[in-house]
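Structural characterization, general
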Amino acid sequence: MNISWKWLNELIDLQQTTPEETLKKLTLAGFEIENINKKTNQDIIFDVTITANRSDSASIMGITREISTILKKPIRRINNQKHCNIQHNIINKQFIHCHSFLYTHFHSIKVQSSPQWLKSKLESYQITSINNVTDIISLIKLKWGQHLEIFDLGKISNNNKISIKTEYNQQN
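Residues numbered from 1 in each chain as written. Predicted model: local features only at pLDDT ≥ 70, side-chain atom pairs only at ≥ 80, totals over all residues. Heavy atoms only, no water.

Some points on the packing of helix α4 (residues 116-123) against helix α5 (residues 132-144)
It is at 10 Å that the axes of α4 and α5 come closest, and there the two elements cross at 50°. When the axes of α4 and α5 are compared, the pair comes out oblique. The chirality of how α4 crosses α5 is left-handed. Between α4 and α5, the contacting residues are W117, L118, K121 and L122 on the first element and N132, D135, I136, S138, L139 and L142 on the second. When its residues are assigned to classes, the contact of α4 with α5 shows 6 nonpolar, 2 polar and 2 charged. (Axes fitted to C-alpha atoms, helices over the stretch in contact; angles between N-to-C directions. Helix = DSSP H or I, 4+ residues; strand = E, 2+ residues; numbered from the N terminus. Parallel < 35°, antiparallel > 145°, perpendicular 65-115°, else oblique. Left-handed = near helix turned anticlockwise from the far one by under 90°. Contact = heavy atoms within 4.5 Å. Nonpolar A, V, L, I, M, F, W, Y, C, P; charged D, E, K, R; others polar.)

Points about the environment of R76
If you trace the backbone, R76 turns up in the loop between α3 (60-71) and β4 (87-90). Each C-alpha atom of the pair R76 and E10 lies 7.5 Å from the other, and the pair is 66 residues apart in sequence. From its side chain, R76 meets the backbone oxygen of N9 in a polar contact 2.5 Å long. (Polar contact = N/O pair within 3.5 Å; in protein donor to acceptor, adjacent residues only side chain to side chain.)

Examining the sheet that holds strand β2 (residues 32-38)
In space, the 3 strands of this open sheet follow the order β1-β3-β2, with antiparallel pairing throughout. Either end of the sheet is taken by a strand with one partner, and the two such strands are β1 (2-4) and β2. The average undirected angle you get between the axes of adjacent strands in this sheet is 25°. (Pairing = 2+ DSSP bridges.)

Some words on the packing of aromatic side chains
Summed over all chains, the structure comprises 1 aromatic pair. Here W7 and Y125 contribute two aromatic rings whose centre-to-centre distance is 6.0 Å and whose plane-to-plane angle is 75°, an arrangement assigned as edge-to-face. Residue W7 is found in helix α1 (residues 5-11), and its partner Y125 is found in the loop between α4 and α5; the two are separated by 118 residues along the sequence. The buried category is assigned to W7, whose relative accessible area is 4%. The class for Y125 is buried, based on a relative accessible area of 9%. (Phe/Tyr/Trp six-rings, centres within 6.5 Å; stacked < 30°, edge-to-face > 60°. Buried < 20%, exposed > 50% of the residue type's maximum accessible area, 1.4 Å probe, protein only.)

Concerning unusual backbone geometry
Unlike most non-glycine residues, K72 shows phi in positive territory, near 55°. Examined against the element boundaries, K72 turns out to sit in the loop between α3 and β4. If you check the backbone angles, Q126 has positive phi at about 55° while not being a glycine. Considering the arrangement of structural elements, one finds Q126 in the loop between α4 and α5. Q126 gets classed as exposed once you look at its relative accessible area, which sits at 53%.

Digging into the confidence of the model for the protein chain
Averaged over every residue, the pLDDT of the protein chain is 81; the share at 70 or more is 75%. For the protein chain, helix α6 (residues 157-160) is the element with the lowest average pLDDT, namely 49, and α3 is the one with the highest, namely 95. Scored below 50 in pLDDT, residues 159-172 makes 16 contacts in the model with residues more than four places away or belonging to other chains. (pLDDT = per-residue confidence, 0-100.)

Some details on the nonpolar core
Counting 23 residues, the largest nonpolar core has F46 and I67 as the members making the most contacts within it. Those elements giving two or more residues to this core turn out to be α1, α2 (19-28), β3 (44-49), α3, α4 and α5. The element best represented in this core is α3, accounting for 5 residues. Ignoring sequence-local partners within four residues, the contact set of F46 consists of M1, N2, I3, W5, L8, L23, L26, I33, N35 and I36. (Core = buried A, V, L, I, M, F, W, Y, C linked by side-chain atoms within 4.5 Å.)

Listed below in structure tokens is the structure:
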């Protein structure tokens with residue numbers, strides 16, 4: 001997994017340590033560093049191998065928590081997030097791949113070009129910016145390791161009710 005030094009610095013105060021010192025400590029904690037790549041935008045990207053028994057570290061926040069623990073430095077709280085009412089739904093048992101889901105509603109979202117800070121973050125991971133909605137899906141996947149779907153309720157028929165259909169592959 002590629003990790004941006006700039007992004008880590010936003011989440012943990014790493015001013016008193018160097019990337020080399022941090023990577024050495026991360027290696028001693030059991031993580032293998034495959035590659036270190038210095039980017040032209042003053043960023044350093046390092047490739048960390050995540051083992052099967054450490055899936056909790058397969059995201060930016062997972063590695064951030066690990067580095068926070070190793071260096072005994074707190075994770076910075078960023079208070080620019082929109083808090084929304086999350087609802088939980090259980091799906092009928094006939095659906096094999098998904099037994100429940102979380103959802104929320106956002107109103108008046110305009111699909112447009114992403115802000116530069118978001119484009120820069122994605123660019124560090126060789127992800128091409130498409131638009132603000134698609135790019136936020138990519139950001140959440142990188143930061144939290146969580147898959148996300150976004151639907152436009154105005155384009156969903158049947159009185160704006162989402163119908164989830166899955167097919168079970170007998171070979172799996």
